[in-house]
Amino acid sequence: MSEIFKSGIVALVGKPNVGKSSLINRIIGEKIAIVSDKPQTTRNRIGGIYTTDQGQIVFYDTPGIHKPLHKLGQYILKVATSSLLGVDLLLVMVDPTDGLRESDRLVATHVNGSHVPVFLVINKIDAYGDRKLLENFSENASRLFENVLERFYISAEKGTGVDSLIEAIFKFLPAGKMLFPEDYITDRSSRFMASEIVREKVLQHTRQEIPHSVGVSVHEFKDEGDLLRIRADIVVERNSQKPIILGKGGSMIKLIGSDARRDMEYIFDQKVFLDLFVKVREKWRDKDSMIQEFTNLKDELS
């Protein structure tokens, strides 16, 4: 270890689909946050733990800040905004390919009210060819957010600029002790990771009407030594959605299951038996008990 060990908590914030989960996975070097091109993929605050000889940074991937349309959306917004409290630094991510929109201004309202120092992170620069327009976008974004200490241009997908960002974070953070054991890469349980992997595969393989209304509940997670046995329910809101998840002759749920099992075996380094079922729970996104059961939000909302 170096003489001065740095540690701190850094929250990634921004509108939906700006690349927060991709950046977390890039920094940690492992897949701890699910990724898809669907809005509101992230529902929980997920901690990625990055430890080197310089120190330890706990990165919190937070849900995209948005205007909620149902009670689940209200809970997700609460998780996102509460993540701005008690942190050392905010990485505010913006997307120049999408421009500055009302959703960015909504993010700014919450960020500016937190009074936490900000690193402005301009993501997806590999998809934005005009440097002059990029600088202009960056200047406008800097005026939108208060307490901006530095600006960084990165590609979370390709890794461009990420090392410089990490180095700057270490320079900013105070001296401190290790917050988690050095071999930890996330603060989430294996059961949580399993449910998120299943949900990711549903998001990736099903049509547009499914993603927002899908939940996953793991009701068996049993380590038998040479085998990890997992049973989980995929929950939808309407009877018409169930056959979409199942697919013709069960083809879709087999595809979801095989892809999820492959990721689980890589992450858990163990053979996995995965048994999936599809359940219909009408309007579950507006029912408190079901929201907590199907989204792993129980601890965060207490």
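A brief look at the structure comes next. (Residues numbered from 1 in each chain as written. Predicted model: local features only at pLDDT ≥ 70, side-chain atom pairs only at ≥ 80, totals over all residues. Heavy atoms only, no water.)

### Quick look at the side chain of D233
Turning to step 1, where the next piece is worked out: Tracing the chain through its elements places D233 in strand β8 (residues 228-236).
Turning to step 2, where the next piece is worked out: When its relative accessible area of 11% is taken as the criterion, D233 is described as buried.
Turning to step 3, where the next piece is worked out: A distance of 3.1 Å separates polar atoms of two side chains, one belonging to D233 and the other to H219.
Turning to step 4, where the next piece is worked out: Reaching out from D233, the side chain makes a polar contact with the side chain of K279 at a distance of 3.4 Å. (Helix = DSSP H or I, 4+ residues; strand = E, 2+ residues; numbered from the N terminus. Buried < 20%, exposed > 50% of the residue type's maximum accessible area, 1.4 Å probe, protein only. Polar contact = N/O pair within 3.5 Å; in protein donor to acceptor, adjacent residues only side chain to side chain.)

### Quick word on the packing of aromatic side chains
Turning to step 1, where the next piece is worked out: For the structure on display, the rule yields 5 aromatic pairs.
Turning to step 2, where the next piece is worked out: Relative to F152, the ring of F119 lies with its centre 5.1 Å away and its plane at 45°, an arrangement referred to as tilted. Of this pair, F119 sits in strand β5 (residues 118-122) while F152 sits in strand β6 (residues 148-153), placing them 33 residues apart in sequence. Residue F119 shares its accessibility class with F152, and that shared class is buried.
Turning to step 3, where the next piece is worked out: Relative to F268, the ring of F221 has its centre 6.1 Å away and its plane inclined at 90°; by these criteria the two rings are edge-to-face. Note that F221 is positioned in strand β7 (residues 215-223) and F268 in helix α8 (residues 251-268), a separation of 47 residues in sequence. (Phe/Tyr/Trp six-rings, centres within 6.5 Å; stacked < 30°, edge-to-face > 60°.)

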